[in-house]
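Chain and residue survey
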Amino acid sequence: MGIFVLLGMFALCVAIGAPVAFALGIAAIAAFWFEGLPLMIGYQRIIAGINVFSLMAIPFFIFAGELMFHGGIAMRLVKFASAAVGAVRGGLGVVNVFSSMLFGGISGSAVADISALGSILIPVMKEKGYDADYAVNVTVTSSIAGIVIPPSHNMIIYAIAAGGGISISKLFMAGVVPGMLMCVCLAVAAYVVAVRRGYQAEIFPGFTSLFLSFIAALPGLFTAVIIVGGVLSGIFTVTESGAFGAIYAFVVTLLVYRSLTWESFITAVKSSVRTTAMVMILIACAGAFAYMLTFYRVPDKTVWLLTTITENPILILILINVVLLVLGMIMDMAALILICTPIFLPVAYSIGLDPLQFGIILMMNLGLGLCTPPVGACLFVGCSVGKLPMEKAVRTIWPFYLAILVALMLVSFVPAISLTLPGWIDI
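All values reported here derive from a predicted model rather than from experimental measurement.

So, about the overall build of the protein. Counting its secondary structure elements, the protein contains 23 helices and 0 strands. For the protein, buried positions account for 54% of its 427 residues. In the protein, once contacts between residues fewer than 6 apart in sequence are set aside, the share between residues at least 24 apart is 79%. Here the protein has roughly 17,600 Å² of accessible surface; of this, 72% comes from carbon and sulfur atoms. Measuring between centres, the 17 positive side-chain charges of the protein sit 8 Å from its 15 negative side-chain charges.

What follows deals with the packing of helix 18 (residues 333–350) against helix 19 (residues 355–369). Two numbers describe how helix 18 lies on helix 19: the axes approach to 10 Å, and their chain directions differ by 140 degrees. One finds that helix 18 runs oblique with respect to helix 19. For the pair helix 18 and helix 19, the crossing hand works out as right-handed. Where helix 18 approaches helix 19, its residues Met 333, Leu 336, Ile 337, Cys 340, Thr 341, Phe 344, Leu 345, Ala 348 and Tyr 349 are matched on the opposing element by Pro 355, Phe 358, Leu 362, Met 363, Leu 366 and Gly 367.

Ranked by size, the top nonpolar core spans 142 residues in total, and within it Ile 58, Tyr 134, Ile 156, Tyr 158, Met 182, Met 363 and Phe 400 carry the most contacts. Here this core gets 13 residues from one element, more than from any other, and that element is helix 18. The contact partners of Phe 400, leaving out residues within four places of it in the chain, are Tyr 134, Asn 137, Val 138, Thr 141, Leu 186, Ala 189, Ala 190 and Val 193.

This part takes up the confidence of the model for the protein. Summing up the model confidence of the protein, the mean pLDDT is 82 and the portion of residues at 70 or higher is 96%. Helix 22 (residues 398–413) holds the highest mean pLDDT among the elements of the protein, 94, whereas helix 7 (residues 110–127) holds the lowest, 74.

Further remarks concern the environment of Val 94. Positionally, Val 94 belongs in helix 6 (residues 91–107). On the basis of relative accessible area, Val 94 is assigned to the buried category, the value being 10%. With 330 residues separating them along the chain, Val 94 and Trp 424 place their C-alpha atoms 31 Å apart. With sequence-adjacent residues up to four places away left out, Val 94 is seen in contact with Val 85, Val 88, Ala 187 and Ala 190.

Another aspect to go through is the side chain of Thr 253. Note that Thr 253 resides in helix 14 (residues 238–256). Of the residues examined, Thr 253 reaches a relative accessible area of 0% and is grouped as buried. Within the local environment of Thr 253, its side chain forms a polar contact with the backbone oxygen of Ala 249, the two atoms lying 2.8 Å apart. For Thr 253, the contacting residues outside a window of four places in its chain are Leu 67, Met 68, Gly 71, Ile 73, Arg 258, Ser 259 and Leu 260.

This model, assessed by the stated rule, comprises 12 aromatic pairs. On the basis of an interplanar angle of 50 degrees and a centroid distance of 6.3 Å, the ring pair of Tyr 158 and Phe 358 is categorised as tilted. Residue Tyr 158 is found in helix 10 (residues 153–161), and its partner Phe 358 is found in helix 19; the two are separated by 200 residues along the sequence. A relative accessible area of 0% means that Tyr 158 is categorised as buried. We classify Phe 358 as buried; its relative accessible area is 0%. In this structure an aromatic cluster arises from ring pairing among Phe 63, Phe 250, Trp 262 and Phe 265.

With the rule as written, the count across this model stands at 2 salt bridges. Its salt-bridge partner being Asp 133, residue Arg 197 comes within 3.0 Å of it at the nearest N-O pair. Here Asp 133 lies in helix 8 (residues 132–142) and Arg 197 lies in helix 12 (residues 176–197), a separation of 64 residues in the sequence.

Position of Tyr 134 among the secondary structure elements: in helix 8. With relative accessibility at 1%, the residue Tyr 134 sits in the buried group.

Time to look at the packing of helix 16 (residues 298–309) against helix 18. As a packed pair, helix 16 and helix 18 sit with axes 8 Å apart at the nearest point and diverge in direction by 50 degrees. Overall, the two elements helix 16 and helix 18 adopt an arrangement that is oblique. Of the two elements, helix 16 crosses helix 18, and the hand of that crossing is right-handed. Here Val 298, Pro 299, Thr 302, Val 303 and Leu 306 of helix 16 come into contact with helix 18, specifically with Pro 342, Ile 343, Phe 344, Pro 346, Val 347 and Ser 350. Taken together, the residues that form the contact of helix 16 with helix 18 break down as 9 nonpolar, 2 polar and no charged.

Rules and cut-offs
Residues numbered from 1 in each chain as written. Predicted model: local features only at pLDDT ≥ 70, side-chain atom pairs only at ≥ 80, totals over all residues. Heavy atoms only, no water. Helix = DSSP H or I, 4+ residues; strand = E, 2+ residues; numbered from the N terminus. Buried < 20%, exposed > 50% of the residue type's maximum accessible area, 1.4 Å probe, protein only. Contact = heavy atoms within 4.5 Å. Areas by Shrake-Rupley, 256 points an atom, 1.4 Å probe, with all protein chains shown as cover. Lys, Arg positive; Asp, Glu negative; His and termini not counted. Charge placed at Lys NZ, Arg CZ, Asp CG, Glu CD. Axes fitted to C-alpha atoms, helices over the stretch in contact; angles between N-to-C directions. Parallel < 35°, antiparallel > 145°, perpendicular 65-115°, else oblique. Left-handed = near helix turned anticlockwise from the far one by under 90°. Core = buried A, V, L, I, M, F, W, Y, C linked by side-chain atoms within 4.5 Å. pLDDT = per-residue confidence, 0-100. Polar contact = N/O pair within 3.5 Å; in protein donor to acceptor, adjacent residues only side chain to side chain. Phe/Tyr/Trp six-rings, centres within 6.5 Å; stacked < 30°, edge-to-face > 60°. Salt bridge = Lys/Arg side-chain N within 4 Å of Asp/Glu carboxyl O. Nonpolar A, V, L, I, M, F, W, Y, C, P; charged D, E, K, R; others polar.

Structure representation (structure tokens):
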């Protein structure tokens, strides 16, 4: 009955339109009241949910991404990507994917990727004769590279939700190859669709132009080197690397590129504060919700249920993927990370899945959910930027869904893809 109160109250709050963070908190308090537990414990669990030093990295990563978004780094990355891969058939589609891989590795945000790159590339693609649905679909699906390729604040949330026993540095490294693999699959899909629709290739500008565009983009690309390289070298902790990354992004956009205005700086600060507040409230309330999930032994019962259905590890992993994909279609990513990690991580342990590999599987599944209706934030933003009805985008987006699913299956059943790089470092 207690589980019914917890989950039922959560579902009711979501159904009536309450924010997910508040729905988690209300459901947890209702369960505390039902069980007769002191409400002070619920308050303590909410505070404990955000009383974690590693979470300090999240506002720094968000602020660095906002500074780069508003400071003109995206345009230089697009020019470099266009010079490098634009000569491929349907080149702007491949440029879009390659740009997302570069910008995602700096900003760590899928929505920032769409906002920054989509506003640049989608109008250009339309002018060059590309269909609006193709431009939007490539932009939307490639944006989730920012979730998988480090640095990613969603990976920090996963590490915290897993109990804090997972190295964030190794988790960052686990996402490099899967993120690049996903982008390669998306680039192949973009090329195939471009060939079928008869899109033409761009003219290769020459190696001199390629070199100059790389030099122009290098200061922005170096942000990722500072954030990830500083952690791997042991110079910075994850939190310190986020702080130095934000400082470096500010210096580059203000003094090197000279494209950061006072108005855009204020906008970046406001957007960062708003996003950070939403994330922290969500994490805090999810702490109390996760406490009650453990109180009711939901993780143990989930393991028992799945092993009752089948004891085959392959089938269990397929079931986990299916459940995560379905949940990703109806809920926001950060909330699902906090809810699903304590439930499905024990199942992953029971079938011998490494927590780093499971983390990347979780990121890719829920990232795909951002691109699917009815609650796909990336799909909404992409259609808004491209001025395209969502129905038209969804009709032709399936080749890109398929590309992401291929990458997801490879990561799920070939552990070396996500575990080789973390195995090379000792952090």
